[in-house]
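# Residue-level structure breakdown
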Amino acid sequence: MYLSGLHALVRLPLEQSRRDRRAGLRIGTFISGYPGSPLGGYDLALQQARPLLEEHDILHVPGANEELAATAISGTQMLDNYPHSRVDGVVALWYGKGPGVDRSGDALKHGNFAGTSKHGAVVVLSGEDHEAKSSTMPYQDDYAFLSAGIPILYPASTGEFLTLGLHAIQMSRLSGCWVAMKLVGALADGGETVEVGPDRPAIVIPEVTIGGRPFRKSTDFTFFPGLNIETERRLFYERHQAVLAYARANRLDRVEVRSSEDRLGIITAGKSYADTLQALGDFGLDRATLQSLGVRLLRIGLIYPVDQDLVRDFARDLDEIIVIEEKRGFLEAQVKEALCGLPRGVRVVGKFDESGAPLFPIQGGMDSDLVAERLGPRLLTRAPEDPRILRRLAKLRAIRARRYETLPGRTPNYCSGCPHNISTRLLEGELAWGSPGCHSFASIIEQPE
C-alpha cells in the first residue's frame, strides 16, 4: 500500500498492537508529544484514525509541551511497581522536532536512565529540520541523544519508518533503553509504496550474555545520589550491549557491496544512504561494477551506539573510507574511534578531506546530486577517466552554471491552517527578535495588525 511518512507512523502502533495481541500480551499504547514540522501533521493524522486506535487500546494525548509529554511517557513505564488491572505493559511514542528535543533534554535523559518496564517500550520520534525550512535554525538531534545515552535508528526511506519503528519497539523492550528514530523532513513529507504484513519485518530476539550471565533489563533503578551510579553502569555497559546484540541479530547494519580486492570503503546511513545509492546509480555504477572497482559499501541503521566490531571488520584491507552523512560528522567520529589504534591504519574522510579542506558540507542538507559532485572525484581514483563518472560530473557542472531569470520575492507566510497565523501579534510599539518556529514571523512584521 502507499504510505506517506506520517501515515507510516500512524500505522506503526497499530502493527505493534496486533503483534502483541497475537503473542498473548495485554499491551496498551500511549502517544504524546508536540507537533512541529516535519511531524507537524502527526497529531491530526492520529485524530483522524481515532476510532481504529481505540479498538487497539491506543491512546493519543497531545502534550501541552514536549517535556510534559516526555514526563507522562515516563509514567507509563512504572507498571512493574504499580501494576494495572487491564494491561501488562505500555508501548509509548513521543513525537517532536529539534527545539522540542532541546527543551525536553532533562525529561528524556531521566526517562532513558529509568528505562522501560518488563513488557514496555519507548520510542522517541524525532523530526529533524536540516535545512531550517520551518525552524529558526538548523537542527541535528544526534548529539542530544548521545548525551542522554539514547540509541538512534535512522530510516533510509518512508517505508523504514514502519519497519525500523517496529525494530525500535522491540529493541527498547529488550534493552530497557528509550530508542530514538531520526526522521528527516524529506522522508517525513514524502511517501512510497510499502509491502505490509503480519510478519514484516521478521524480528529476532537474541539471547544476550554479558560477563557469562544472561542479560535481563533491571527495573530497580534509583535517582538517589550515589546509588544511581550503578544505573549508569548498567546503561552504558549492559543495556547498550543488548542494543548492539539486537542490531546484529536483525541485520540493521549491512555490508551491501564487498569483494576481496576492495581498497575504498563508503559508510553511510539513513537518507544519505538513499542519496548515495542514487548518486552511484546516476554514475551507472551497479553492484558488480563497484566490486570490479574495489569499492565496499556499508549501510548503518543503528547510528548510535555504532557497532565497532562491524566497522573494524569492514575496514579490513581498505586504504580509505569515505563517511557520507548530513550535518556534522556524528557517524564519522564514531567510525574514527572504532578504527583508532588498529595495527594497519586506514584514512577516513567525511566532513573534511585529507588536506583539511571541506568535503561533504556541514551546513544545510544534501541530495544525490551534491553527493555525486563530492564523491565522483574520489571514485575516479579507482577508475581514472571512467566516461560514465566524467559525463555525469560534467552534466552537474553545466546545471550549476545555468543562469536563471530572477523572479519576484514572495512574502513569507504561514502554512494553510496554521494556528499561529492568528496568534502571532505585536502590541503597538512592540519589537520582536528571537522567537521559536512560526513566531519568528513576528520579527518581520512592521506594524501590528
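Anyway, here's the lowdown on the structure attached to this text. (Residues numbered from 1 in each chain as written. Predicted model: local features only at pLDDT ≥ 70, side-chain atom pairs only at ≥ 80, totals over all residues. Heavy atoms only, no water.)

## Section: the nonpolar core
Defined as follows: Think of a nonpolar core as a cluster: buried Ala, Val, Leu, Ile, Met, Phe, Trp, Tyr and Cys residues, connected wherever their side-chain atoms sit within 4.5 Å. Throughout this description, buried means an accessible area under 20% of the type-specific maximum (1.4 Å probe, protein chains only), exposed means over 50%, and partly exposed covers the range between. Only DSSP runs of H or I reaching four residues or more are called helices, and only runs of E reaching two or more are called strands; each is numbered from the N terminus. Residue contacts are counted whenever heavy atoms from the two residues lie within 4.5 Å of one another.
In terms of nonpolar packing, the biggest core is built from 94 residues, with Leu39, Tyr42, Leu125, Leu153, Met171 and Ile321 touching the most fellow members. Take this core: its biggest share by element is 8 residues, from helix α8 (residues 159–175). For Leu153, the residues in contact, after removing those within four places along its chain, are Leu164, His167, Ala168, Met171, Val179, Ala180, Met181, Lys182, Leu252, Gly301 and Leu302. Counting residues in each nonpolar core, the second largest holds 29 residues, with Phe283, Leu290, Ala383 and Leu393 among its members.

## What about helix α4 (residues 66–75)?
Operational definition: In this description, the arc belongs to the directions extending from the helix axis to the C-beta atoms. Under this definition, polar contacts are N or O atom pairs within 3.5 Å; protein pairs additionally need one hydrogen-donor-capable and one acceptor-capable atom, and for neighbouring residues in sequence, both atoms have to be side-chain atoms.
Glu66, Ala69, Ala70 and Ile73 are the residues of α4 that are buried. Taken end-on, α4 shows its buried residues confined to a sector of 100 degrees, consistent with a single buried face. Its side-chain oxygen placed 3.2 Å from the backbone nitrogen of Glu67, Asn65 serves as the N-cap of α4.

## With respect to the sheet that holds strand β2 (residues 27–33)
Quick note on the threshold: A pair of strands is treated as paired once DSSP finds two or more bridges between them. A fitted line through C-alpha atoms serves as each axis, taken over the contacting stretch for helices, and the angle formed by two N-to-C directions is quoted from 0 to 180°.
In spatial order, the strands read β3-β2-β4-β5-β7-β6-β14; together these 7 strands make up an open sheet with mixed pairing. Of all the strands in the sheet, the pair left with one neighbour each is β3 (58–60) and β14 (302–304). Strand direction decides the pairing type here: strand β5 (residues 121–128) and strand β7 (residues 179–184), joined by 6 bridges, are parallel. Across the sheet, the residue bridging to Ser126 is Lys182, located in β7. Here α8 sits on the sheet and contacts β2, β4 (89–97), β5, β6 (152–153), β7 and β14; the angle it forms with β7, its principal contact strand, is near 165 degrees.

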